[in-house]
Amino acid sequence: MSAMPIVNLLEHAQRLTASGKRVSVLWQHDDTLAFIARGRPHRSEFHSDPVDEVMYMIKGDMRLHYRTALGEEKVAVIREGEIVRCPAGVPHSPRFSPDAFVLVLERKRRASEHDRFTWYCEGCGAVLYESIKHVADYNMDPVSRAYEEFYGTEKSRTCASCGRVTPRP
Ligand SMILES: [Zn+2]
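Residues numbered from 1 in each chain as written. Predicted model: local features only at pLDDT ≥ 70, side-chain atom pairs only at ≥ 80, totals over all residues. Heavy atoms only, no water.

## Considerations on the pattern of salt bridges
Piece 1. Across all of its chains, the model carries 13 salt bridges by this definition.
Piece 2. A salt bridge links E106 to R109; the nearest nitrogen and oxygen atoms lie 2.9 Å apart. Accessibility classification places E106 together with R109 in one group, the buried group.
Piece 3. Here R107 and E113 are joined by a salt bridge, their closest N and O atoms 2.9 Å apart.
Piece 4. A residue is classified by how much of its surface remains accessible, and E113, at 15% relative accessible area, is buried.
Piece 5. Salt bridges linked by common partners bring D49, E106, R109 and D115 together as one network. (Salt bridge = Lys/Arg side-chain N within 4 Å of Asp/Glu carboxyl O. Buried < 20%, exposed > 50% of the residue type's maximum accessible area, 1.4 Å probe, protein only.)

Following this line, the structure appears as structure tokens:
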């Protein structure tokens, strides 16, 4: 890659759709990570990053579900052309359609840092399942890996508090 990479966001988003993947990394270094993501149907988990995350809606609108410090769920609507900063540690769930695209700006994780992917029970609100990962390389698409774990066994989707089983979509 060039030392001064320039990316056309819409062209890159079109190539992402053609690839069938969800995420395309533009670059990742110690102090800067940039990727384009398209929406995932049935996104249900909340992601907590160890670093601030800036999201810019390239195409389409996003409903950004997030949880306050008191555990209350709220929704921020980020429209096409708008940008939002999600502070480190705020559990958030970006929900937008597969033909919409977001540019995400973060930084590469330090060796001691972990990302959390948390599902909450729709029956009783308890934590249903949590995947905690060190994300060494964003090309691994950590969100998809967490969904494979969650849907991989019924045990992951069974609430320890109330017994409700979250169905597959
Ligand atoms: Zn429950």
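## Re the layout of surface pockets
Piece 1. Here the largest pocket defines a volume of roughly 300 Å³.
Piece 2. Along its surface, the largest pocket is lined by 17 residues, and S44, W119, Y120, E122 and T166 are the ones closest to its centre.
Piece 3. For the lining of the largest pocket, the secondary-structure elements that each account for two or more residues are strand 10 (115–120) and helix 2 (142–152).
Piece 4. Residue classes in the lining of the largest pocket are distributed as eight nonpolar, three polar and six charged. (1 Å grid on protein atoms, 1.4 Å probe; cavity = no way out; pocket = protein on both sides within 12 Å on 5 of 7 lines; lining within 4 Å. Points joined across faces, edges and corners; volume = space filled by probe spheres on them. Helix = DSSP H or I, 4+ residues; strand = E, 2+ residues; numbered from the N terminus. Nonpolar A, V, L, I, M, F, W, Y, C, P; charged D, E, K, R; others polar.)

## Some remarks on the side chain of H92
Piece 1. Relative to the helices and strands, H92 resides in strand 8 (residues 92–95).
Piece 2. Within the structure, H92 has its side chain in polar contact with the side chain of E53 (distance 3.0 Å).
Piece 3. One polar contact links the side chain of H92 to the main-chain carbonyl oxygen of V90, over a distance of 2.8 Å.
Piece 4. In this structure H92 touches E45, F46, H47, D49, E53, M55, L64, H65, Y66 and C86, once residues within four positions along its chain are discounted. (Polar contact = N/O pair within 3.5 Å; in protein donor to acceptor, adjacent residues only side chain to side chain. Contact = heavy atoms within 4.5 Å.)

## Description of the packing of aromatic side chains
Piece 1. All chains considered together, the criterion is met by eight aromatic pairs.
Piece 2. Arranged with centres 6.0 Å apart and planes meeting at 50 degrees, the rings of W119 and Y129 form a pair that is tilted. Residue W119 is located in strand 10, and its partner Y129 is located in strand 11 (residues 127–133); the two are separated by ten residues in the primary sequence. Residue W119 shares its accessibility class with Y129, and that shared class is buried. (Phe/Tyr/Trp six-rings, centres within 6.5 Å; stacked < 30°, edge-to-face > 60°.)

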